[in-house]
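Report on the structure
These are the residues of each chain, in order.
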Amino acid sequence: MKKNILISLLAALLLTSCGEYNKLLKSTDYEYKYEAAKNYFANGQYTRASVLLNELIAILKGTDKAEESLYMLGMCYYNQKDYQTASQTFIQYYNVYPRGTFTELARFHAGKALYLDTPEPRLDQSGTYNAIQQLQLFLEYFPNSAKKEEAQNMVFALQDKLVMKEYMSARLYYNLGNYRGNNYLSCVITAQNALKDYPYTNLREELSILILRAKYELAVYSVDEKKTERYRETVDEYYAFKNEFPESKYLKDAERIFKESQKILKD
């Protein structure tokens, strides 16, 4: 016990000296290195800690110190905002130690690290899907975790990002109109798929009015034999929209579309 305390004190002293740190890198006293790594970690010197921990993981393999070293290494990357490497390290941890001391936290941080690294909605969302997968795995393995609510909120936020991506795509199709093809139909399909996949999205009203507008434009630019059918579909869409959003900020526009559609159908 006294030896361990002495090693910890000596390791703490290393924090004040670059020269001592360089000597430490060459040392073969791995217990000493382990305590020094912990001290560097505790004092927020994550770069120095990660250098030592990377070495110790293999050397201390099979011991509880190797397990703790791997988790701390993940947290070093996480605290340095190297979220991709952090997530990979946490995934490595829970694969090697599926019932380890830090498995719950490793699974949580594997997902949170990817969550923090997700791109803005207009960019490729592969990382967002990966983050959702990791967080859902965490919730599956630890349904009663104290971090359950935080994980769920991150999943909801990520899903909102995916919906925003679909909404932006649908809106782009709408704005393109008939440029190089019938983009209104693509708008309807994209928006409908988004509502199907994420029925509780806070963009539901925006997606719904976009569908109504696009269906109306589809009818306007349809060939004669399809006009009646598509105007009827527009009217049906109007009723569905008004029923779900009776006080919508888009109601005036929806009413305009309805009246114009009804007028065509009566002629």
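Please refer to the structure higher up on the page.
Reading the values: the criteria
- Residues numbered from 1 in each chain as written.
- Predicted model: local features only at pLDDT ≥ 70, side-chain atom pairs only at ≥ 80, totals over all residues.
- Heavy atoms only, no water.
- Helix = DSSP H or I, 4+ residues; strand = E, 2+ residues; numbered from the N terminus.
- Rg over C-alpha atoms; globule rule 2.2 N^0.38 Å.
- Contact = heavy atoms within 4.5 Å.
- Areas by Shrake-Rupley, 256 points an atom, 1.4 Å probe, with all protein chains shown as cover.
- Lys, Arg positive; Asp, Glu negative; His and termini not counted.
- Charge placed at Lys NZ, Arg CZ, Asp CG, Glu CD.
- Axes fitted to C-alpha atoms, helices over the stretch in contact; angles between N-to-C directions.
- Parallel < 35°, antiparallel > 145°, perpendicular 65-115°, else oblique.
- Left-handed = near helix turned anticlockwise from the far one by under 90°.
- Nonpolar A, V, L, I, M, F, W, Y, C, P; charged D, E, K, R; others polar.
- Core = buried A, V, L, I, M, F, W, Y, C linked by side-chain atoms within 4.5 Å.
- Buried < 20%, exposed > 50% of the residue type's maximum accessible area, 1.4 Å probe, protein only.

**Looking at the overall build of the protein**
- Looking only at helices and strands, the protein has 13 helices and zero strands in total.
- A compact globule built from 267 residues would reach a C-alpha radius of gyration of about 18 Å, whereas the protein, at 28 Å, exceeds it by more than 25%.
- With the principal axes as the frame, the protein shows a C-alpha extent of 95 × 40 × 30 Å.
- Counting contacts in the protein only where the partners sit at least 6 residues apart, residues at least 24 apart contribute 55% of the total.
- Of the accessible surface of the protein, which amounts to about 15,100 Å², a share of 50% is contributed by carbon and sulfur atoms.
- Counting 35 positive and 34 negative side-chain charges, the protein places the centres of these two groups 3 Å from one another.

**Brief notes about the packing of helix α7 (residues 103-116) against helix α9 (residues 148-176)**
- Look at α7 against α9: their axes get within 11 Å of each other, and the N-to-C directions meet at 30°. As far as their axial angle goes, α9 and α7 are roughly parallel. When the axes of α7 and α9 are compared, the crossing they make is left-handed. Every residue of α9 that contacts α7 at Phe108, Lys112 and Tyr115 is listed here: Glu150, Ala151, Met154, Ala157 and Leu158.
- Of the residues assigned to the contact of α7 with α9, the class counts are six nonpolar, no polar and two charged.

**Section: the packing of helix α11 (residues 204-220) against helix α13 (residues 251-266)**
- Contact geometry for α11 and α13: axes closest at 11 Å, N-to-C directions at 25°. Compared by their axis directions, α11 and α13 come out roughly parallel. When the axes of α11 and α13 are compared, the crossing they make is left-handed. Residues Ile209, Leu212, Arg213 and Tyr216 of α11 form the contact with α13, whose participating residues are Asp253, Ala254, Arg256, Ile257, Glu260 and Ser261.
- Of the residues belonging to the contact of α11 with α13, the class tally is five nonpolar, one polar and four charged.

**A few points about the nonpolar core**
- Counting residues in hydrophobic clusters, the biggest one holds 32 residues, and the most contacted among them are Leu24, Tyr40, Leu53, Tyr71, Tyr78, Phe90 and Tyr93.
- Of all the secondary structure elements, the ones that give two or more residues to this core are α2 (18-26), α3 (30-42), α4 (46-59), α5 (64-79), α6 (83-96) and α7.
- Top contributing element to this core by residue count: α5, with nine residues.
- In contact with Leu53, other than residues within four places in its own chain, are Ala37, Ser69, Met72, Leu73 and Cys76.
- Ile132, Ala170, Leu210 and Ala214 belong to the second-largest nonpolar core, a separate cluster that totals 29 residues.

**A closer look at the environment of Leu114**
- Tracing the backbone through its elements, the reader meets Leu114 in helix α7.
- Note on Leu114: relative accessible area 10%, which makes it buried.
- When the C-alpha positions of Leu114 and Gly177 are compared, they lie 36 Å apart, and in sequence the two are 63 residues distant.
- In contact with Leu114, other than residues within four places in its own chain, are Gln84, Ser87, Asn130, Ala131 and Gln134.

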